[in-house]
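Summary of the model geometry
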Amino acid sequence: MKPSLSWDEQVALMVGRGLIIDDDSACARFLAASNYYRFSGYARYFQKAPHRGDDDFRPGTTFDEIRAVYDADEELRTALVRPLAQVELMLRSYLARVIADQHGAYVRYLEEDFYTDIAGREPTVTSCLRDIDRSKDRHILRYRDGGDRTDYSRLPVWSAVEAWSFGTLSKAIERGGSGSLADVVATSIGVAKAGFAYRVKALVYLRNRCAHHSRLWNHSVIDAGPTPNNVRTKAKRLAGQFSHRSVIDVVASLDDMTFRGVAAEPLLPWLVEKFVSEPSFWGGVTAPEGPRDHTGSTR
């Protein structure tokens with residue numbers, strides 16, 4: 001088991017591994033505010049072969065060099081918060097409108113057979129009701145008696161969606177109306193129907209990583225949605241090549257929904273202007289990869 005090290009000892013450990021640190025005190029303050037373990041996720045890419053147990057840094061590597069990538073990643077997460085929130089709110093509105101118009105505003109959306117669920121996974125209606133039960137908002141509390149669920153049959157869908165998490169909203173879009181909701185919502189917004197539910201899942205995944213301050217640099221998006229080819233082609237003319245599971249691919253999909261549903265400015269042009277001149281960072285968000293072996297070993 002690894003010993004618990006003070007922040008000063010953590011600085012000494014990195015220095016002992018060859019990292020160049022100009023100000024030990026400033027570095028210790030940074031680790032105290034950010035957590036050494038989080039920082040080490042970035043540092044691994046500057047070490048010789050951490051996957052083989054060689055944690056020494058490549059010759060000449062500085063703390064400021066790694067910190068620059070760390071700070072750029074934080075700036076990217078911050079920049080994503082607003083457009084992700086805009087699309088989430090827009091999806092709540094469109095989903096409620098579609099359900100109300102096609103299935104009625106009451107009761108039906110809280111019935112289990114309204115959703116085409118996946119075997120072995122939590123029923124969608126269970127997620128919907130749990131989120132509603134957790135809500136402390138007055139527009140939900142009015143349907144309870146003493147804190148217990150009483151009569152949600154009078155709860156309109158446009159009120160219920162405001163209590164749902166983004167994840168629950170995504171499930172409802174994907175599975176609702178025997179699988180038809182996703183197509184109708186996509187058409188209402190004006191985006192491609194093909195793969196729409198999976199594009200929403202990718203946005204949920206990205207939003208959750210931003211909310212938990214998780215690393216985006218050199219991270220492959222697990223729930224990567226099928227960004228439409230025309231959207232991807234347009235984005236590549238601006239940003240250059242990027243992989244299908246990269247953060248930039250999801251940003252291209254996000255911009256498409258933001259532009260059509262919210263009429264807001266796209267994020268990708270700003271990201272290109274801000275970060276394309278920083279190849280170490282830009283490469284990690286356009287073509288993510290694992291730490292490389294920098295020892296020259298073929299083993």
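The rules behind each value
- Residues numbered from 1 in each chain as written.
- Predicted model: local features only at pLDDT ≥ 70, side-chain atom pairs only at ≥ 80, totals over all residues.
- Heavy atoms only, no water.
- Helix = DSSP H or I, 4+ residues; strand = E, 2+ residues; numbered from the N terminus.
- Buried < 20%, exposed > 50% of the residue type's maximum accessible area, 1.4 Å probe, protein only.
- Lys, Arg positive; Asp, Glu negative; His and termini not counted.
- Charge placed at Lys NZ, Arg CZ, Asp CG, Glu CD.
- Arc of directions from axis to C-beta.
- Contact = heavy atoms within 4.5 Å.
- Phe/Tyr/Trp six-rings, centres within 6.5 Å; stacked < 30°, edge-to-face > 60°.
- Salt bridge = Lys/Arg side-chain N within 4 Å of Asp/Glu carboxyl O.
- Core = buried A, V, L, I, M, F, W, Y, C linked by side-chain atoms within 4.5 Å.

1. Structural notes on the overall build of the protein
- For the protein, the count of helices and strands is 14 helices and 4 strands.
- Overall, the C-alpha framework of the protein stretches about 65 × 50 × 35 Å when taken along its three principal axes.
- For the protein, the proportion of its 299 residues judged to be buried stands at 45%.
- Between the averaged position of the 40 positive side-chain charges in the protein and that of its 39 negative side-chain charges there is a distance of 4 Å.

2. Some details on helix H11 (residues 229-239)
- Every buried residue belonging to H11 is among Val-231, Arg-232, Ala-235 and Ala-239, and all of these are buried. An end-on view of H11 places all buried positions within 95 degrees of arc, on one side of the element. Away from its buried face by more than 90 degrees, H11 exposes Asn-229, Asn-230, Lys-234 and Arg-237.
- Where H11 is buried, its residues meet helix H12 (247-262), helix H13 (268-275) and helix H14 (279-286).
- Positive backbone phi, approximately 85 degrees, marks Gly-240, located one or two places after H11.

3. As for the packing of aromatic side chains
- The final tally for this structure, using the stated rule, is 14 aromatic pairs.
- Ring plane angle 85 degrees and centroid distance 5.0 Å describe the contact between Phe-114 and Tyr-115, whose orientation is recorded as edge-to-face. Grouping residues by exposure puts Phe-114 and Tyr-115 together as buried.
- Within the aromatic cluster, the residues linked to one another by ring pairs are Phe-30, Phe-39, Tyr-42, Tyr-45, Phe-46, Phe-63, Tyr-70 and Trp-217.

4. Quick look at the pattern of salt bridges
- Counted by the stated rule, this structure contains 15 salt bridges.
- Members of the salt-bridge network, linked through shared partners, are Glu-88, Arg-92 and Arg-207.

5. Concerning the nonpolar core
- Ranked by size, the top nonpolar core spans 91 residues in total, and within it Leu-80, Leu-91, Tyr-109, Trp-164 and Phe-196 carry the most contacts.
- When residues of this core are assigned to their parent elements, the largest contribution, 17 residues, is made by helix H4 (residues 63-103).
- Non-local contacts of Trp-164, meaning those with residues more than four positions away in its chain, are made with Arg-92, Leu-95, Tyr-109, Tyr-115, Cys-128, Asp-131, Ile-132, Leu-169 and Ala-172.

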